[in-house]
Amino acid sequence: MTDLKSYARSLERSRSALTREDRPDRFTMAGREWDLLPGVFAPPFSATTGTAMEILGLVGARETPYRRYGSFLEIGAGTGIIAITAALAGSGRVVASDINPLAVENTRLNALRHGVTDRVSAVHSDLFSALDGGERFDTVYWHSNFVLAPTEYRYASDHERAYVDPGYRAHRGYLAEAPLRLTEGGCALLQFSDRGDVERLHAIAADCGRELLVRHRQDFLEGSETIEHILFEIRAAD
C-alpha cells in the first residue's frame, strides 16, 4: 500500500484536524460563510469538499449530473455544505444524514444560517438506518470515506469515520441500498478517489448486484500531491 493510501496516515490527518491551532469555528467556502463545530470534518483543511461541489455542478460552470430541482439525500453531510448548497441551487427537499451527532447539529446550524430550514432536514443516521423505509429521492449522494482500513479496526472517535472505512463495510451497505432509495429515473452517486481501493470497490459492487459507471473524473492538489476524484453512478447490474 502506498503512503498516499495509508489508513494510518489518514487517521493521523484526522487527529491533527481536531487539534490544529488554526482550526476555525467559522470559515468561507463557495462565497458563503459556514459554522464549524469541534469534532466535525473541517473543509478548510482539505480540498475535497470544494472539489465535490465542482463535480456536482454546485459551483462553477459544470452541468449537474442529477436533477437540480428534485429531492436530494446526502450521506455523510458533515458541516452540511453540499446539502445546503444543493437546496440553495434549487433542490426542493434535502435530507442530510450523518452518523456523527455533532455533524447533524452543525448542518442544522448552517441550514439556519442560510435560511433553508424549510427545505433541509438533518438526520442522525448510520447510512439509511434512521430514514423511513418508504422514503425515496431523485438523487442519493455520498462523498465517501474512501481510504480502506483493516476490517478489525475500531474507530477511536466519530471524527475518524470521515476518513477511513474498515473493510469497506459502509461502502458495501451504501452500494446495496442506495439504488433502492431512488424515485423512478433517480440517480445514486458515489464520490470516490484513487486514494481508495477502486478494484475492491468494483468487486463489492458486483457482490451486491451493482455496476459502477464513471460520470466524471477530476484531478486536484491536496497539499503537494495530485489526487483524482471519481464520481460513480450506481446501477443494478445487467
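None of the values given here were measured: they were computed from a predicted structure. (Residues numbered from 1 in each chain as written. Predicted model: local features only at pLDDT ≥ 70, side-chain atom pairs only at ≥ 80, totals over all residues. Heavy atoms only, no water.)

Undergrad: Even after reading the chapter, I still don't get the sheet that holds strand β4 (residues 93-98), so can you show me in this structure?
TA: As a general point, the strands of a sheet are linked pairwise by backbone hydrogen bonds and lie either parallel or antiparallel. The sheet built from seven strands is open, its strands ordered β5-β4-β3-β6-β9-β11-β10 with mixed pairing. For this open sheet the edge positions go to β5 (120-124) and β10 (210-222), each flanked by a neighbour on one side alone. Taken pair by pair, the neighbouring strands of this sheet meet at an average axis angle of 20°, ignoring direction. Bridge count between strand β6 (residues 137-143) and strand β9 (residues 182-193): six bridges; the pairing is parallel. By the bridge assignment, Tyr141 is partnered in β9 with Leu189. Helix α2 (residues 48-55) contacts β6, β9, β10 and β11 (225-236) of the sheet and is inclined by roughly 125° relative to β10. (Pairing = 2+ DSSP bridges. Helix = DSSP H or I, 4+ residues; strand = E, 2+ residues; numbered from the N terminus. Axes fitted to C-alpha atoms, helices over the stretch in contact; angles between N-to-C directions. Contact = heavy atoms within 4.5 Å.)

Undergrad: Would you take a moment to explain the side chain of Arg23 for this structure?
TA: Mapped onto the elements of the fold, Arg23 is located in the loop between α1 (7-19) and β1 (26-29). For Arg23, which is buried and forms no salt bridge, the nearest opposite charge comes from Asp22, at a distance of 8.7 Å. Engagement of the side chain of Arg23 in a polar contact is seen with the backbone oxygen of Ala17, the distance being 2.9 Å. Excluding residues that lie within four positions of it along the chain, Arg23 makes contacts with Ala17, Leu18, Leu36, Leu37, Pro38, Gly39, Val40, Ala42 and Phe45. (Buried < 20%, exposed > 50% of the residue type's maximum accessible area, 1.4 Å probe, protein only. Lys, Arg positive; Asp, Glu negative; His and termini not counted. Salt bridge = Lys/Arg side-chain N within 4 Å of Asp/Glu carboxyl O. Polar contact = N/O pair within 3.5 Å; in protein donor to acceptor, adjacent residues only side chain to side chain.)

Undergrad: Explain the pairing of β11 to me, please; I cannot follow it from the model alone.
TA: The two faces of the sheet receive side chains in turn, since in a regular strand these alternate between them. Pairing analysis gives six bridges linking β9 to β11, with the strands arranged antiparallel. Within β11, the residue paired with Leu189 across the bridge is Glu233. As paired elements, β10 and β11 share 12 bridges and run antiparallel to each other. Looking at the pairing, Leu221 lines up with Thr226 of β11.

Undergrad: Looking at this structure, I do not really get the packing of aromatic side chains. What am I missing?
TA: What describes a pair of aromatic rings is the distance from one ring centre to the other and the angle between the planes of the rings. Summed over the entire model, instances satisfying the criterion amount to nine aromatic pairs. Each ring, one from Phe41 and one from Tyr163, has its centre 5.5 Å from the other, and the planes form 55°; the classification is tilted. Of the two residues, Phe41 is situated in the loop between β2 (32-35) and α2 and Tyr163 in the loop between β7 (147-149) and β8 (164-166); the sequence distance between them amounts to 122 residues. We classify Tyr163 as buried; its relative accessible area is 9%. Centroid distance Phe192 to Phe232: 6.5 Å. Interplanar angle 50°. Geometry classified as tilted. Linking Phe192 in strand β9 with Phe232 in strand β11, this pair joins segments that are 40 residues apart in sequence. Judged on exposure class, the residue Phe192 and its partner Phe232 are both buried. Aromatic ring contacts, followed pair by pair, group Phe146, Tyr168, Phe192 and Phe232 into a single cluster. Directly above the ring of Phe45 sits Arg20, whose terminal nitrogen or CZ lies 3.6 Å from the centroid. (Phe/Tyr/Trp six-rings, centres within 6.5 Å; stacked < 30°, edge-to-face > 60°. Lys NZ or Arg CZ within 6 Å of the ring centre and 35° of its normal.)

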